[in-house]
There are 2 protein chains.
Amino acid sequence: MKKVKIALMGLGNVGTGVWMILDSNKKEIMKRSGYDVEVAKILVRNKDKKRDVEVPEEIITTDFNDILEDDSIKIVIEVMGGIEPAKEYMLKCMDRNKHIVTANKMLIATEGDELFEKAHDKGVVFNYEASVAGGIPIIKGIEESLTANKIEEFYGIVNGTTNYILSKMQLERLNFDVALKQAQDMGYAEADPTSDIEGFDAQYKLAILSSLAFGTKVDVNNVYREGITKIESIDMKYAKKFDMVIKLLAIAKESNGKLELKVQPTMIPKEHPLANVYDSFNAIFIKGNAVGDLMFYGRGAGSLPTGSAVVGDIVAILRSNVDVANYSHIAQNDLWHREIQNISESHSKFYIRITVIDQPGVLGEITTILGKYNVSLRSVIQKGEENSKGQVTIVLFTHKTSEADVSSAIEELMNLKPVITIDNVIRIEDFKN
Amino acid sequence: MKKVKIALMGLGNVGTGVWMILDSNKKEIMKRSGYDVEVAKILVRNKDKKRDVEVPEEIITTDFNDILEDDSIKIVIEVMGGIEPAKEYMLKCMDRNKHIVTANKMLIATEGDELFEKAHDKGVVFNYEASVAGGIPIIKGIEESLTANKIEEFYGIVNGTTNYILSKMQLERLNFDVALKQAQDMGYAEADPTSDIEGFDAQYKLAILSSLAFGTKVDVNNVYREGITKIESIDMKYAKKFDMVIKLLAIAKESNGKLELKVQPTMIPKEHPLANVYDSFNAIFIKGNAVGDLMFYGRGAGSLPTGSAVVGDIVAILRSNVDVANYSHIAQNDLWHREIQNISESHSKFYIRITVIDQPGVLGEITTILGKYNVSLRSVIQKGEENSKGQVTIVLFTHKTSEADVSSAIEELMNLKPVITIDNVIRIEDFKN
């Protein structure tokens, strides 16, 4: 049996999963890869930290050079996260002809180009399946299985934390704050949940997937982003009334020759496959011009699912020739230049929830303003009961409308005397073009 | 731009899809593969047959030797179907160092070994993504993405025709015959629908997938098979009453150290992701010991989806080195020998529907016999209204029970005087072990 040495940079959540899988599935991995995989070094920040797995002391190091300068280490696994020093370390390892596997979505989404170019120059493999949707093989799916297709659009639930929160809100009628607290107690959400609930995590993943699917460079800052903090259980209730559910979607589609990229809470029909993706599960729904509708569903995070993607990437390297650096990259990133649409050019159907003083003619005033901006209505719900302040809720469902028109209409609505608040505006996606 | 010549054997449904994709997505395929792909020859049985696509006359041939003896043809696509001459042709092409892509599930499931061995000996690539579940990349998913996992079990809806029929029966309360007729009108079912509705098609696919997932040779004859012809709309109704739906599942799981492989109509909880797979869609739900639950969903048949898988396989070959035959096969097929469990050793929960003469004590007699064979009941429904002959329906839901015990009990029930017919016996899968 051939032997190969690899190194881990990082031994947190994902690193621990990688270690456990390499240990418990050693026999399977040997048979499938043809190699006995030895973890020769693990880079950590603090040697004395208590860990969930038992790792031989002698392979733990705090000195990156122990990995870089050991030419017997052929593959380096970056699971430390963050931009620096992760990026510098990977670039240096590539310079020493080491193949790289990473789970670092933020780095790939923001400064990936430099890494892709270096890997290309040096002929080393640079795999990053684990960076999007954990154990779901969506990167390989797009890059290796759907190569016959023009990908027309995709819709992803790519953040498990927010999907868990929205599921709780929908199924158990919890408020956002309570659901968030539960997600934190379950370990799904961080103490500072900003990156998840404000959609930053999904924004990185959308940038990575859309750049692959459409063969173009995507600047993450051109991806429109909106989190789920404004969603209330009453919005869930109105969605249900119209046979819809609310999901945080990462959306990529073509629109007038440009790419429309947005992360946003979205109302979708309850019979769509994505509507039935609950808890912390992830799913990506893709349309290709040959394959038609396709969906990948699974665990988008967690030590073992993410570890599964990392170790799968290691096996893929071992099945090529690990000893040589002559891998020929298909530079997917710049196959076709595509412009990204500004959100103001986008068109959607909208759900708009407004609180108004209950007085004669208020609905007429509202619809007049909407009409002025060409926002036509599919249906209106005016809730009968006033609250103690004499206020009622009005819910509007619009036909397809431009984002700019809706924004202008809403601005004018806010100045309308009887309008107390515009409580929420949620885009609707019915998957028809 | 490098050029490569390929040949098609067959220009039916799938062959036409391949031709259309190579034509309409030529630019994408060139950029992704690095090759300008030329279809140099197409083998057909009848040159004069009217076709859905326009193909230059000069590349159509009825003589296999035009392909075999042309050394400039590097890849041969077998989409003719059937065992012979497809097998002979592929073996001969491999002998001439041609790489092969096939969509032929029957051949792979029954006589694939010889083809795998020949490909191994000659170092040519032998790809067959299209043989299972059309456009869904389930073969690559298992073989290349889930390599870090011990796969513990999977459940597949792998036949679109039967899923279309069962969906119609469930959602529109059609009878089997009417639903089958609609499937035929829609082109989903053949004039002779036996292979689909009796589960043969799913049996082949289960043999292929389980051999890959568990790394063992699977004799297709050891896969238990039961079709959907006995399912009636009344069964759908009772399933619904217990929050379940009926699907034709291809099931593979471990059971006492053996593999349990069965194709059968199955009642599953309506909230399971597979329960929401409707119409002619396919889906495969997999559990790996690292990745956890994973599902692939998409079009399991059709010209373009199946063509998408075939052309994806072609691109994969082009990205390796098409000019040399030195591909090193990981012989997945015989990594681990696994025994296949006989269906009589299997354990399930059961739904049993019986028609009896409505007379005092009949339920007691039935439950006594069930008790004798250790079949314990979770619930019993006795339908109030008799039909004109004084007969009523009794529906039993059992706890987990051995197949052998249920068979014996049912045999004895059939001899019971008031029992008119055992109308149906359907296994229940709740995905808990």
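Residues numbered from 1 in each chain as written. Chains lettered and ligands numbered in written order. Predicted model: local features only at pLDDT ≥ 70, side-chain atom pairs only at ≥ 80, totals over all residues. Heavy atoms only, no water.

## Observations regarding the packing of helix α4 (residues 86-95) of chain B against helix α5 (residues 105-122) of chain B
Residue and element names in this part refer to chain B.
Okay, so step 1: Viewed as axis vectors pointing N to C, α4 and α5 meet at an angle of 10°, and their least axial separation amounts to 9 Å. On the basis of their axis angle, the class for α4 and α5 is roughly parallel. Seen from α4, the contacting residues are Ala-86, Lys-87, Met-90, Leu-91, Met-94 and Asp-95; seen from α5, they are Leu-107, Glu-111, Glu-114, Leu-115, Lys-118, Ala-119 and Lys-122.
Okay, so step 2: For the contact of α4 with α5, the per-class residue count stands at seven nonpolar, no polar and six charged. (Axes fitted to C-alpha atoms, helices over the stretch in contact; angles between N-to-C directions. Helix = DSSP H or I, 4+ residues; strand = E, 2+ residues; numbered from the N terminus. Parallel < 35°, antiparallel > 145°, perpendicular 65-115°, else oblique. Contact = heavy atoms within 4.5 Å. Nonpolar A, V, L, I, M, F, W, Y, C, P; charged D, E, K, R; others polar.)

## Here's the deal with unusual backbone geometry
Residue and element names in this part refer to chain A.
Okay, so step 1: Omega for the peptide link from Glu-84 to Pro-85 comes to 10°, which places this bond in the cis form.
Okay, so step 2: Checked against the element boundaries, Pro-85 lands in the loop between β4 (73-78) and α4 (86-95).
Okay, so step 3: A positive phi angle, close to 65°, is found at Asn-97, a residue other than glycine.
Okay, so step 4: If you trace the backbone, Asn-97 turns up in the loop between α4 and β5 (99-102).

## Considering helix α14 (residues 403-414) of chain B
Residues and elements named next belong to chain B.
Okay, so step 1: Along its 12 residues, α14 runs 16 Å from first to last C-alpha, staying within 8% of the 16 Å computed at 1.5 Å per residue.
Okay, so step 2: Listed in full, the buried residues belonging to α14 are Glu-403, Val-406, Ala-409, Ile-410 and Leu-413. For α14, the buried positions fall inside an angular range of 130° around the axis, keeping them on one side. (Expected span 1.5 Å × (residues − 1). Buried < 20%, exposed > 50% of the residue type's maximum accessible area, 1.4 Å probe, protein only. Arc of directions from axis to C-beta.)

## Some words on the relation of the copies chain A and chain B
Okay, so step 1: Laying chain A over chain B is done by rotating through 180° and shifting 0.0 Å along the axis; what remains is an RMSD of 0.0 Å. The relationship between the two copies is best expressed as a two-fold rotation axis. Minimal C-alpha distance to the rotation axis in chain A is attained by Phe-296 of chain A, lying at 2.4 Å.
Okay, so step 2: Most of the interface of chain A is mirrored in chain B, where 100% of its interface residues again form contacts. (Least-squares fit on C-alpha atoms with pLDDT ≥ 70 in both.)

## Observations regarding the side chain of Lys-41 of chain B
Residue and element names in this part refer to chain B.
Okay, so step 1: Take Lys-41: it is sitting in strand β2 (residues 35-43).
Okay, so step 2: Buried Lys-41, no salt bridge; nearest opposite-charge side chain is Asp-66, N-O distance 5.5 Å.
Okay, so step 3: With near-sequence residues (within four places) excluded, Lys-41 lies in contact with Ile-6, Ala-7, Leu-8, Glu-58, Ile-59, Thr-61, Asp-66, Ile-67 and Ile-73. (Lys, Arg positive; Asp, Glu negative; His and termini not counted. Salt bridge = Lys/Arg side-chain N within 4 Å of Asp/Glu carboxyl O.)

## Digging into the nonpolar core
Okay, so step 1: Ranked by size, the top nonpolar core spans 166 residues in total, and within it Ile-138 of chain A together with Ile-138 of chain B carry the most contacts.
Okay, so step 2: Excluding residues within four positions of it along the chain, Ile-138 of chain B makes contact with Glu-129, Val-132, Ala-133, Leu-209, Ile-284, Ile-286 and Phe-296 of chain B. (Core = buried A, V, L, I, M, F, W, Y, C linked by side-chain atoms within 4.5 Å.)

## Notes on the interface of chain A and chain B
When the parts come together, some accessible area is lost, and that loss is often what is quoted as the size of the interface.
Okay, so step 1: Contact with chain A, which involves 46 residues of that partner, is made by 46 residues of chain B.
Okay, so step 2: Buried area between chain A and chain B, both sides added, is near 4200 Å², and the carbon and sulfur share of it is 55%.
Okay, so step 3: At the surface where chain A touches chain B, the tally comes to zero salt bridges.
Okay, so step 4: Those elements that provide at least two residues to the side of chain A that touches chain B are α1 (13-24), α2 (26-33), α6 (138-145), β11 (281-288), β12 (292-299) and α12 (303-319) of chain A.
Okay, so step 5: For the side of chain A that touches chain B, the class distribution of residues is 23 nonpolar, 12 polar and 11 charged.
Okay, so step 6: Sheet topology note: the β12 of chain A/strand β12 (residues 292-299) of chain B ladder contains five bridges and is antiparallel. By the bridge assignment for β12 of chain B, Gly-298 of chain A is matched with Leu-294 of chain B. (Buried area = accessible area lost by both parts, 1.4 Å probe. Pairing = 2+ DSSP bridges.)

## Concerning the UniProt feature "binding site: NADPH" (unreviewed entry) in chain A
Residue and element names in this part refer to chain A.
Okay, so step 1: Annotation from UniProt places "binding site: NADPH" (unreviewed entry) at Lys-105.
Okay, so step 2: Inspection of the secondary structure assignment puts Lys-105 in helix α5 (residues 105-122).
Okay, so step 3: Under the relative-accessibility criterion, Lys-105 is labelled partly exposed at 24%.
Okay, so step 4: Discounting residues that sit within four places of it in the chain, Lys-105 has contacts with Ser-131, Asp-201, Tyr-204, Lys-205 and Ile-208. (UniProt positions renumbered as here; feature names shortened; annotations may be inferred.)

## Here's the deal with the sheet that holds strand β1 (residues 2-9) of chain B
Residues and elements named next belong to chain B.
Okay, so step 1: Overall, parallel pairing links the six strands, which are arranged β3-β2-β1-β4-β5-β6 in an open sheet. Across the chains shown, the open sheet's two edge strands, defined by having one partner strand only, are β3 (60-61) and β6 (126-127).
Okay, so step 2: In terms of strand pairing, β2 meets β3 through two bridges, oriented parallel. The residue of β3 that forms the bridge with Leu-43 is Thr-61.
Okay, so step 3: Packing against the sheet, helix α12 (residues 303-319) makes contact with β1, β2, β4 (73-78), β5 (99-102) and β6, and its axis sits at approximately 160° to β5.

## Considerations on helix α7 (residues 160-172) of chain A
Residue and element names in this part refer to chain A.
Okay, so step 1: The first and last C-alpha atoms of α7 sit 17 Å apart over 13 residues, in line with the 18 Å expected at 1.5 Å per residue.
Okay, so step 2: Taken residue by residue, α7 has Gly-160, Thr-161, Thr-162, Asn-163, Tyr-164, Ile-165, Leu-166, Ser-167, Lys-168 and Met-169 as its buried positions.
Okay, so step 3: Considering only its buried residues, α7 is in contact with β7 (151-157), α8 (176-185), α9 (194-197), α11 (233-241), β9 (244-255) and β11.
Okay, so step 4: Where α7 begins, the capping side chain belongs to Asn-159, and its oxygen is found 3.3 Å from the backbone nitrogen of Thr-161.
Okay, so step 5: One or two residues past the end of α7 sits Arg-173, with phi positive at roughly 55°. (Polar contact = N/O pair within 3.5 Å; in protein donor to acceptor, adjacent residues only side chain to side chain.)

## Description of the packing of α1 of chain A against α12 of chain A
Residue and element names in this part refer to chain A.
Okay, so step 1: Two elements in contact, α1 and α12, have axes whose closest approach is 8 Å; the angle formed by their N-to-C orientations is 65°. If you check the angle between α1 and α12, you find them roughly perpendicular. Where α1 crosses over α12, the two elements pack in a sense that is right-handed. Note on element contacts: α12 touches α1 through Ser-303, Leu-304, Thr-306, Gly-307, Ser-308, Val-310 and Val-311, opposite Asn-13, Val-14, Thr-16, Gly-17, Val-18, Met-20, Ile-21 and Leu-22.
Okay, so step 2: Here the contact of α1 with α12 is built from residues that sort into eight nonpolar, seven polar and no charged. (Left-handed = near helix turned anticlockwise from the far one by under 90°.)

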